[in-house]
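Reading the structure
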Amino acid sequence: MILGRSHYHVNQTEGLCYSVNDVTGYYNNLTEKITRFGRQDNEVPLTTDGDGNTRYFSISIFQYGLAAYDLFLLTRKQEYRQKFLNCANWAIENQNDNGSWETFAPQNPREPYSSMAQGEGISLLVRAYKDTDNHNYLNRARKAVSYMLTDIQHGGVCEEDYDKLVFYEYTYRDAVLNGWIFSAWGLLDLYKITGDEAIRKSWEKTVKSLALALPSFDNGFWSKYDCGATLASPFYHRLHIAEMNVMYNLTGNEIFKQYAERWQKQLNNPINRLSAFCIKVYQKIIEK
């Protein structure tokens with residue numbers, strides 16, 4: 001990640017061709033996952049973990065598919081469209097009956113599900129439906145959102161009460177900022193394509209919850225990876241800035257613009273960057 005050689009942590013600016021009102025390109029620029037690290041064929045990508053084992057990892061596949069769709073929109077090359085559809089088909093073939101995708105089973109087999117996987121899977125399937133008009137993609141996206149809106153207490157990936165809706169990238173740790181946002185974007189995409197008012201209300205509810213929670217993702221000189229004590233790496237700090245800018249464009253809520261500007265100023269400060277880097281290295285060491 002530090003050397004820029006991780007396919008998990010490619011440069012991710014705001015999306016290159018997204019729309020506020022329509023389902024077009026994705027909100028986050030994931031294209032380097034293909035232009036720098038992509039396969040030459042159309043096979044669904046495998047992921048190698050820290051122990052050298054390879055497996056299919058839902059989040060990586062969904063992001064790869066979203067990257068391919070953006071590249072197809074930008075170039076109109078059919079090779080990118082095929083990569084995109086292959087990933088969408090993998091999502092259908094590997095979706096559980098309740099709409100979930102097992103994501104973190106090797107790390108935590110008792111809690112393998114992720115709202116981030118659900119949200120990005122929904123975004124991928126919605127775009128596949130728009131591209132092909134195949135209703136199976138849309139039906140599977142609906143199943144995925146139904147599971148994503150299941151409370152953790154009932155085996156799901158969110159926490160909801162009458163005025164709060166929080167999504168959990170990992171159901172066994174504190175809420176993660178970037179994962180929460182990727183989850184919410186799945187809701188927005190499904191609402192855009194269906195006009196379902198219940199989904200719109202869930203989107204607005206989680207946006208309100210996120211806006212209120214932003215102070216818990218700031219430690220005073222840098223952003224935090226989660227709402228606990230984990231500081232964001234420089235990669236995730238930049239990602240947070242891009243996500244805040246997108247959220248402002250999507251919602252018009254000034255709080256997102258304020259945090260984007262605040263975190264950009266922190267990034268521009270060399271003392272802040274050095275302090276954040278040192279703290280993050282220390283956190284990584286003590287995690288081992």
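Each remark here, short or long, concerns the structure printed above.
A brief report on the enclosed structure follows. (Residues numbered from 1 in each chain as written. Predicted model: local features only at pLDDT ≥ 70, side-chain atom pairs only at ≥ 80, totals over all residues. Heavy atoms only, no water.)

A short note on the overall build of the protein
Let me state the cut-off plainly: A run of H or I in DSSP counts as a helix once it spans at least four residues, and a run of E counts as a strand once it spans at least two, with each numbered from the N terminus. Two things to know: the radius of gyration comes from C-alpha atoms, and the globule rule equals 2.2 Å times the number of residues to the power 0.38. Exposure classes here rest on a 1.4 Å probe applied to the protein chains alone. A residue is buried below 20% of its type maximum, exposed above 50%, and partly exposed in between. Should any heavy atoms of two residues lie within 4.5 Å, those residues are considered in contact. Counted as positive: Lys and Arg. Counted as negative: Asp and Glu, with His and the chain ends omitted from the count. In plain terms, the charge of a residue is placed at NZ if it is Lys, CZ if Arg, CG if Asp and CD if Glu.
Per the secondary structure count, the protein includes 10 helices and 4 strands. By the compact-globule yardstick of 19 Å for 288 residues, the protein fits well, its C-alpha radius of gyration being 18 Å. Its C-alpha atoms give the protein principal-axis dimensions of about 50 × 45 × 40 Å. Of all 288 residues assigned to the protein, the portion counted as buried reaches 52%. At a minimum sequence separation of 6, the contacts of the protein that also span at least 24 residues come to 64%. When the 31 basic and 33 acidic side-chain charges of the protein are each reduced to a single mean position, those positions are 4 Å apart.

Observations regarding helix α8 (residues 234-251)
Because an α-helix completes one turn every 3.6 residues, residues spaced three or four positions apart along the sequence face the same direction. Stated formally: Here the expected span of a helix is defined as 1.5 Å times the quantity of residues minus one.
In this model α8 runs 26 Å from its N-terminal to its C-terminal C-alpha over 18 residues, within 8% of the 26 Å that 1.5 Å per residue would give. When α8 is considered as a whole, its buried residues turn out to be Phe235, Tyr236, His237, Leu239, His240, Ile241, Ala242, Glu243, Met244, Val246, Met247 and Leu250. Looking one or two places after α8, you find glycine 252, whose phi comes out positive at around 75 degrees.

Looking at the packing of aromatic side chains
Where two aromatic rings form a pair, the distance of their centres and the angle of their planes describe that pair. Let me state the cut-off plainly: Here the aromatic set is Phe, Tyr and Trp, taking the six-membered ring for Trp, and pairing holds for ring centres within 6.5 Å; pairs whose planes are under 30 degrees apart are stacked, those over 60 apart are edge-to-face, and all others are tilted. When the NZ atom of lysine or the CZ atom of arginine is within 6 Å of a ring's centre and also within 35 degrees of its normal, the charge is said to sit over that ring.
Following the criterion strictly, the structure yields 18 aromatic pairs and no others. Judged by centre distance (4.5 Å) and plane angle (40 degrees), the ring pair of tyrosine 69 and phenylalanine 84 falls under tilted. A residue pair is termed long-range when its members are at least 10 positions apart, and tyrosine 69 in helix α2 (residues 58-75) and phenylalanine 84 in helix α3 (residues 78-93) qualify at 15 residues. Phenylalanine 84 shares its class with tyrosine 69; the two are buried. Within the aromatic cluster, the residues linked to one another by ring pairs are Tyr18, Tyr26, Tyr27, Phe182 and Trp185. Here arginine 76 stacks its cationic end above the ring of phenylalanine 72, 4.4 Å away from the centre of that ring. In this structure, lysine 280 packs its charged tip against the face of tyrosine 225, placed 6.0 Å from the ring centre.

Quick notes on the packing of α2 against helix α4 (residues 115-132)
Put simply, the rule reads: Throughout, an axis means a line fitted to C-alpha atoms (over the contacting stretch in the case of helices), and angles, computed between N-to-C directions, take values from 0 to 180 degrees. When the near helix sits turned anticlockwise from the far one by under a right angle, the crossing is termed left-handed; a clockwise turn instead gives a right-handed crossing. Residue type decides the class: Asp, Glu, Lys and Arg count as charged, Ala, Val, Leu, Ile, Met, Phe, Trp, Tyr, Cys and Pro as nonpolar, and the leftover types, Gly among them, as polar.
Two elements in contact, α2 and α4, have axes separated by 9 Å at closest approach and are oriented at 35 degrees. Taken as a pair, α2 and α4 cross one another with a handedness that is left-handed. Contacts between α2 and α4 involve Ser58, Ile59, Phe62, Gln63, Gly65, Leu66, Tyr69 and Phe72 on the former and, on the latter, Met116, Ala117, Glu120, Gly121, Ser123, Leu124, Arg127 and Asp131. In the contact of α2 with α4, the residues fall into 8 nonpolar, 5 polar and 3 charged.

Here's the deal with the nonpolar core
Convention followed: Put simply, buried Ala, Val, Leu, Ile, Met, Phe, Trp, Tyr and Cys residues joined by side-chain atoms within 4.5 Å make one nonpolar core.
Membership of the largest hydrophobic core comes to 88 residues, with the highest contact counts inside it found for Trp185 and Trp203. The biggest single contributor to this core is α2, with 10 residues.

Observations concerning the side chain of aspartate 151
Relative to the elements of secondary structure, aspartate 151 occurs in the loop between α5 (135-148) and β3 (158-161). When residues no more than four places from it in sequence are discounted, the contact partners of aspartate 151 are Gly156, Val157, Cys158, Glu159 and Glu160.

Let's talk about the environment of leucine 274
Positionally, leucine 274 belongs in helix α10 (residues 270-287). Between the C-alpha atom of leucine 274 and that of proline 234, which follows or precedes it by 40 residues, the distance is 9.9 Å.

Quick look at helix α6 (residues 177-194)
In this model, α6 (18 residues) spans 26 Å end to end at C-alpha, consistent with the 26 Å of a helix rising 1.5 Å per residue. Across the 18 residues that make up α6, a large majority, 15, are buried. Positive backbone phi, at 70 degrees, marks glycine 195, one or two positions downstream of α6.

Some remarks on the side chain of glutamine 266
What counts is decided by this rule: Counting of polar contacts relies on pairs of N or O atoms within 3.5 Å, with two restrictions inside protein: one atom must be capable of donating a hydrogen and the other of accepting it, and residues adjacent in sequence are counted only when both atoms are side-chain atoms.
Looking at where glutamine 266 falls in the secondary structure, it is placed in helix α9 (residues 254-268). Residue classification places glutamine 266 among the buried residues on the basis of a relative accessible area of 6%. Engagement of the side chain of glutamine 266 in a polar contact is seen with the backbone nitrogen of tryptophan 222, the distance being 3.2 Å.

A look at the packing of α4 against α6
The line we're drawing: An angle counts as roughly parallel when it lies under 35 degrees, as roughly antiparallel when it exceeds 145, as roughly perpendicular when it falls between 65 and 115, and as oblique in every other case.
Packing of α4 against α6 leaves a shortest axis separation of 7 Å and a crossing angle of 30 degrees. Classified by the interaxial angle, the pair formed by α4 and α6 is roughly parallel. Two packed elements cross with a definite hand, and for α4 against α6 that hand is left-handed. Residues Ser115, Met116, Gly119, Glu120, Ile122, Ser123, Val126, Arg127, Tyr129 and Lys130 of α4 pack against Asn178, Gly179, Phe182, Ser183, Trp185, Gly186, Asp189, Leu190 and Ile193 of α6.

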